[in-house]
Amino acid sequence: MSKSKFLLEFLTKNFKPLFSENELGALGNVATTEQIKKEFGALPKFEITGDEILGAFGDKTRAIDMIKDKPPPFQRSYTKLVRDPLKDFNMRGQVGALQQNPTLARDASVLQGKTIIPLVGDRTSRDVIITGIGDLQFENPVRTFGGIQFMDDANQGWASMLGTMEEFNKKLETVEQMGGNPVGMTVTMGERGGDFSVDVANVIIESLRVGKNTKKNLNEMSKVIKDHKYSIKGKNYTPFSDAPNLSNIDEFATYFRNLPGSSRKKLVEVFDKAEMQNLGAPNIGQIRLATTNPGLIADDFLGMGSRFADLKSGVFPSKHPSYDSQIMKAPDAEVFTFGTSIPKTIMLRDPMSKVRAEGKGLGEFKSMPADYRKLAMNTPVQPVDQQLIDEASKFLEIQRTLGDEEAYKYAQSLIPAT
């Protein structure tokens, strides 16, 4: 099954009795949960299995396949444990809203005259209502909030925490003051990047609520959480020593949701430890897959262009449950997608060239965690020139006509001494 066919089926497989193609297209621009219920009496249901995901992406050539002799399969990156999260995977859900579809850009000419500012974002889905995973059926279905699709809504541009947004806004203001037209372009985080979000925490909470753990197991897991420690400069910290016992799930849920995002991420990692999994903790690899936008399941780490739109400076409060601040799209800005991702070495040619010149092995075709940190901590900008348009457009053309492997070879050929 091709990637495009898989995604089409994700959107339409179980909707056919409810939507005609025309209705689906029209509702895709306006429909909220309430509107869908009013029109059709129920939310469309869907199911995704591990076999379907493997069929869609198992043979896909990724950037990592070009630089490693025996790279692990894409699904292995969703957990640190030596296990296959797609084994016996089954995720059930409902569509909470039909987002406006971004415009497909078949080449990079739409970027003419603009300045790219990268938006590092996780892979989580938006407006999916997860009703169950595996043999667990949730009492309280979990709605996801995204993710790259955040940009698809109304005038929203991007959301993060206030300090991050203030620093990002300075870049926008600088570009605007210099007469530029800033365009925010998503950069895909790693497979575990969504651990920061409330979405992942909520699915863990609901999995614990309906799980078949004994009181003894819950007490033992609670002890692992409370005793978890890490060291900084020789000093030990136990960040979750005040965590409520898992037997009181409502109290623990409040605690988990209200942690700072960085602490939520660390707690998710605790649940993904072998010790916790052996005690009956929820399968974190499967939870990460369930909360991931299907189109990004096997996307390249730090690939660019799943979404992009013109932005306008200014920081505003955000209603996103994971983030408190946001920037907005420019008035009447259109949201675009390349329908795939393009290597950062093409879309951020000048910043990556400068990073490579530092001689630390960064800024190369192979994306490293330190590349991510550089992008996240000190956002670069890339004025779009004809070279960028030509190279990005050629990458897309090669990918369409000759496939991913040839497109990656072309991208590698553009980097000196690759």
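Residues numbered from 1 in each chain as written. Predicted model: local features only at pLDDT ≥ 70, side-chain atom pairs only at ≥ 80, totals over all residues. Heavy atoms only, no water.

Enquirer: Can you break down helix α9 (residues 261-271) residue by residue, with the values?
Expert: Three or four residues apart is the spacing at which side chains of an α-helix point the same way, because the helix has 3.6 residues per turn. For α9, the set of buried residues is Gly261, Arg264, Leu267, Val268, Val270 and Phe271. The arc that holds the buried residues of α9, viewed along the axis, is 165°, so those residues lie on one side. Looking at the packing, one finds that the buried side of α9 touches α6 (198-210), α7 (215-227), α8 (249-258), α10 (274-278) and α11 (284-290). (Buried < 20%, exposed > 50% of the residue type's maximum accessible area, 1.4 Å probe, protein only. Helix = DSSP H or I, 4+ residues; strand = E, 2+ residues; numbered from the N terminus. Arc of directions from axis to C-beta. Contact = heavy atoms within 4.5 Å.)

Enquirer: Can you tell me about the pairing of strand β7 (residues 156-160), naming the residues and giving the values?
Expert: The buried fraction of β7 amounts to five of the five residues, a majority that puts the element mostly inside the structure. Note that β7 and strand β12 (residues 325-329) share four bridges and pair antiparallel. Note that in β12 the partner of Ala159 across the bridge is Gln326. (Pairing = 2+ DSSP bridges.)

Enquirer: Break down the side chain of Arg307 for me, with residues and values.
Expert: Structurally, Arg307 is set in strand β11 (residues 304-317). Residue class for Arg307 comes out buried when judged on its relative accessible area of 10%.

Enquirer: Tell me what's going on with the side chain of Arg349, and back it up with residues and numbers.
Expert: One can find Arg349 in helix α13 (residues 349-357). Within the structure, the side chain of Arg349 is placed 3.5 Å from the side chain of Asp350, a separation counted as a polar contact. Excluding its chain neighbours within four sequence positions, the residues that come into contact with Arg349 are Lys344, Gln382, Asp385, Gln387, Leu388 and Glu391. (Polar contact = N/O pair within 3.5 Å; in protein donor to acceptor, adjacent residues only side chain to side chain.)

Enquirer: Describe the pattern of salt bridges, with residues and values.
Expert: All chains considered together, the criterion is met by 21 salt bridges. Here Lys114 and Asp310 are joined by a salt bridge, their closest N and O atoms 3.1 Å apart. Here Asp310 lies in strand β11 and Lys114 lies in the loop between β3 (103-104) and β4 (115-121), a separation of 196 residues in the sequence. (Salt bridge = Lys/Arg side-chain N within 4 Å of Asp/Glu carboxyl O.)

Enquirer: A description of the sheet that holds strand β2 (residues 90-95) should follow, citing residues and the corresponding values.
Expert: As summarised here, the arrangement of the four strands in space is β1-β2-β5-β6, forming an open sheet in which the pairing is antiparallel. What marks the edges here is a single partner per strand, and that holds for β1 (45-49) and β6 (136-145). Direction aside, neighbouring strands of the sheet carry axes that sit 30° apart on average. The strands touched by α6 within the sheet are β5 (126-133) and β6, with β6 carrying the most contacts at an inclination of about 175°. (Axes fitted to C-alpha atoms, helices over the stretch in contact; angles between N-to-C directions.)

Enquirer: I'd love a proper account of unusual backbone geometry, names of residues and values included.
Expert: Cis geometry marks the peptide bond from Gly146 to Gly147; its omega dihedral reads -5°. Structurally, Gly147 can be placed in the loop between β6 and β7. The residue Asp88 is not glycine, and still its phi comes out positive at about 60°. Inspection of the secondary structure puts Asp88 in the loop between α4 (50-57) and β2. Residue classification places Asp88 among the exposed residues on the basis of a relative accessible area of 64%. The backbone phi angle of Asp332 is positive, close to 65°, even though this residue is not glycine. Along the chain, the position of Asp332 falls in the loop between β12 and β13 (336-337).

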